[in-house]
Amino acid sequence: MYKVGDTVMLVKILDSEERGKLTGKVPLRTKGVVRHVFKDSVAIDDYVWYFNEIKLVVRGELNESLSQ
């Protein structure tokens, strides 16, 4: 579904025991570039965002073609 290099936006924050609380650390509407894709989540900087918390803003290939 998501690929490394995709730009996504955080649209909902779900707390989990594994990562603690993101509330107050990463505000809603924050955009980030996917660095690693897991089974049900992506890594962006030092945080894990679950698929049901984010929406795709720009597909990674578009980012690469615009930067050239």
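Residues numbered from 1 in each chain as written. Predicted model: local features only at pLDDT ≥ 70, side-chain atom pairs only at ≥ 80, totals over all residues. Heavy atoms only, no water.

1. Section: the packing of aromatic side chains
Spelled out, the test is: Classification of ring pairs rests on two measures: the distance between centres of Phe, Tyr or Trp rings, Trp counted by its six-membered ring, which must be within 6.5 Å, and the angle between planes, read as stacked under 30 degrees, edge-to-face over 60 and tilted in between. Segments assigned H or I by DSSP are reported as helices when at least four residues long, segments assigned E as strands when at least two residues long, and all are numbered from the N terminus. Burial status follows relative accessibility: with a 1.4 Å probe on protein chains alone, a residue under 20% of its type maximum counts as buried, one over 50% as exposed, and anything between as partly exposed.
Enumeration over the complete set of coordinates arrives at one aromatic pair. Measuring from ring centre to ring centre gives 5.2 Å for Tyr2 and Phe51, while their planes differ by 45 degrees; the resulting arrangement is tilted. With Tyr2 in the segment before strand S1 (7-10) and Phe51 in the loop between strand S5 (47-50) and strand S6 (54-58), this pair connects stretches of sequence that are 49 residues apart. Looking at Tyr2, the relative accessible area reads 9%, which means it is buried.

2. With respect to the sheet that holds S5
For clarity, the cut-off: Strands are labelled as partners when DSSP assigns at least two bridges between them.
Taken together, the three strands give an open sheet; going across it, the order is S3-S4-S5, and neighbouring strands pair in antiparallel fashion. What marks the edges here is a single partner per strand, and that holds for strand S3 (36-37) and S5. The pairing of S3 with strand S4 (residues 41-44) spans two bridges and is antiparallel. By the bridge assignment, His36 is partnered in S4 with Ala43.

Functional significance is not addressed by these values, which are geometric in nature.
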